[in-house]
Amino acid sequence: MHMTIFRENTEDIYAGIEWKTGTPEAAKFLHFLTTEMGVKNIRFPDTSSFGVKPVSEEGTKRLVRAAILYALEHRQPDVTLVHKGNIMKFTEGGFKQWGYDVAEEEFAGQVFTMREYGRILSSGGKEKAEQSLNNAIADGMVIIKDVIADAFLQNTLLKPADYSVIATLNLNGDYISDQLAAMVGGIGIAPGANINYQTGHAIFEATHGTAPGIAGQDKANPSSLLLSSVMMLEHLNWKEAAGLITASMETCFSRGKATYDLARLMPRGEILSTSEFTSELITIINNY
């Protein structure tokens with residue numbers, strides 16, 4: 001399993017636009033919804049809190065554009081738009097449509113979208129659509145496809161090789177990144193970055209929290225931080241240094257040596273402290 005997730009990180013319900021039940025703001029928002037917008041399907045209006053889910057065309061397109069550029073640069077076969085557009089038709093459904101739009105408008109000749117596959121299927125039949133898809137794959141085009149979020153979470157367990165680059169919204173990205181991290185050993189090994197692909201500014205950080213329960217005990221797994229630094233080095237185009245770190249970690253894991261959280265999952269795993277694991281990596285790097 002090897003997937004790269006592009007998670008929109010400024011919009012969706014994580015924008016924090018909420019009003020707590022019982023507050024004047026919640027009452028005012030409820031009044032607006034029911035009297036001015038004609039909303040009828042709030043089941044328990046008097047005890048409801050409310051949140052707003054902004055999803056923009058601009059935010060979507062810059063994210064999907066970055067995902068496609070990454071796939072092209074790293075010769076990845078596909079980009080998958082993960083959404084719940086079947087339920088949230090104008091927010092997550094908009095994400096899907098705007099994602100396809102930017103693919104077809106800005107990457108013609110480099111990508112083939114499953115939306116185009118659908119058009120060919122409707123006009124020319126299944127055989128013609130399949131031939132077009134096969135031709136695109138043979139030509140090395142990046143295939144742009146979409147999948148409903150709950151189906152995607154199931155598929156990553158059953159057929160993870162079907163996916164390489166993922167573009168998704170903020171909340172979906174939170175769930176997806178944690179599940180995929182668990183599939184490769186846990187969040188202690190999952191790197192992360194916040195990148196502005198327009199300006200080049202970036203922050204690289206572990207996806208996990210601070211784990212205060214094991215602070216100062218020489219037990220923490222530094223892999224997430226190390227792999228985040230690998231992402232930083234790759235962003236700076238220091239690929240040789242990045243490759244050395246990755247190769248040393250792969251060698252260490254192949255020998256069954258890791259911190260507790262990973263070693264306990266390995267056949268005959270050898271548990272190392274944080275400092276012992278770090279020293280092992282340095283030794284491996286020095287021997288390359």
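Since the model is a prediction, treat every value here as computed from it, not as a measurement.

(A) Geometry of the overall build of the protein chain. Within the protein chain one finds 11 helices and 11 strands. Expressed as a percentage of the 288 residues in the protein chain, the buried residues total 37%. A fraction of 66% describes how many contacts in the protein chain between residues 6 or more apart in sequence connect residues 24 or more apart. Summing over all exposed atoms, the protein chain offers an accessible surface of approximately 16,500 Å²; the carbon and sulfur share of this is 55%.

(B) Structural context of the pattern of salt bridges. Taken as a whole and assessed by the stated rule, the structure comprises 13 salt bridges. With a shortest N-O distance of 2.7 Å, Glu-116 and Arg-119 are connected by a salt bridge. Of this pair, Glu-116 and Arg-119 both sit in helix 4 (residues 114-124), separated by three residues, roughly a single helical turn. For Arg-255, the salt bridge identified is with Glu-280, shortest N-O distance 3.7 Å. Of this pair, Arg-255 sits in the loop between helix 9 (239-254) and strand 10 (257-258) while Glu-280 sits in helix 11 (residues 274-286), and the two are 25 residues apart along the sequence.

(C) Here's a closer look at the packing of aromatic side chains. One pass over the structure, following the stated rule, counts six aromatic pairs. On the basis of an interplanar angle of 70 degrees and a centroid distance of 4.9 Å, the ring pair of Phe-152 and Tyr-163 is categorised as edge-to-face. Here Phe-152 is found in helix 6 (residues 149-158), whereas its partner Tyr-163 is found in the loop between helix 6 and strand 7 (165-168), with 11 residues between them in sequence. Tyr-163 carries the same exposure label as Phe-152, and that label is buried. Centroid distance Phe-253 to Phe-277: 5.9 Å. Interplanar angle 15 degrees. Geometry classified as stacked. Of this pair, Phe-253 sits in helix 9 while Phe-277 sits in helix 11; the two residues are 24 residues apart in sequence, bridging distant segments of the chain.

(D) Focus on the pairing of strand 4 (residues 78-83). Of all six residues making up strand 4, six are buried, and the element is well covered by its neighbours. Every second residue of strand 4 is oriented toward a common face, with Asp-78, Thr-80 and Val-82 on one face and Val-79, Leu-81 and His-83 on the other, all of them buried. Direction of pairing for strand 4 relative to strand 6 (residues 142-148): parallel, over a ladder of six bridges. Bridging from a neighbouring strand, Leu-81 pairs with Asp-146 of strand 6. In this structure, strand 4 lies alongside strand 7, joined through four bridges in parallel fashion. Bridged to Leu-81 within strand 7 is Ala-167.

(E) Fine view of unusual backbone geometry. With a phi close to 60 degrees, Asp-218 is a non-glycine residue in the positive phi region. By the secondary structure assignment, Asp-218 is in the loop between strand 9 (202-206) and helix 8 (223-235). Judged by relative accessible area, which is 36%, Asp-218 ranks as partly exposed. Of note in the backbone geometry, Asn-237 takes a positive phi value of approximately 70 degrees without being a glycine. One can find Asn-237 in the loop between helix 8 and helix 9. Owing to a relative accessible area of 53%, Asn-237 belongs among the exposed residues under this scheme.

(F) Region of interest: the nonpolar core. Ile-68, Val-79 and Ile-144 are the most contacted members of the largest nonpolar core, which has 21 residues in total. Those elements that provide at least two residues to this core are helix 2 (57-73), strand 4, helix 3 (92-106), strand 6 and strand 7. Formed by 16 residues, the second largest nonpolar core is a distinct cluster that contains Leu-233, Cys-252, Phe-253 and Ala-263.

Parameters at a glance
Position numbers for residues start from 1 in each chain and track the written sequence from start to end. For a predicted model such as this one, the threshold for reporting local features is a pLDDT of at least 70, and the threshold for listing and counting side-chain atom pairs is 80 or more; totals across whole chains, interfaces and linings nevertheless cover every residue. Derived side-chain values reflect all non-hydrogen atoms in the structure, with water molecules and hydrogen atoms excluded from consideration. Comment: elements are numbered from the N terminus, with helices defined as DSSP H or I runs of at least four residues and strands as E runs of at least two. For every residue, the accessible area obtained with a 1.4 Å probe (protein chains only) is divided by the maximum for its type, and the residue is called buried under 20%, exposed over 50%, and partly exposed between those limits. Any two residues whose heavy atoms approach within 4.5 Å at even a single point are treated as in contact. In this description, accessible areas are obtained by the Shrake-Rupley approach with a 1.4 Å probe, and a residue is regarded as covered only by the protein chains that are shown. Here a salt bridge means any side-chain nitrogen of Lys or Arg lying within 4 Å of a carboxyl oxygen belonging to Asp or Glu. Only the six-membered ring of Trp is used, alongside the rings of Phe and Tyr, when aromatic pairs are assigned; centres must lie within 6.5 Å, and planes under 30 degrees apart are stacked while those over 60 apart are edge-to-face, with the rest tilted. DSSP-based pairing: two strands are paired if at least 2 bridges between them are found. Throughout, nonpolar core names a set of buried Ala, Val, Leu, Ile, Met, Phe, Trp, Tyr and Cys residues whose side chains join them through atoms within 4.5 Å.

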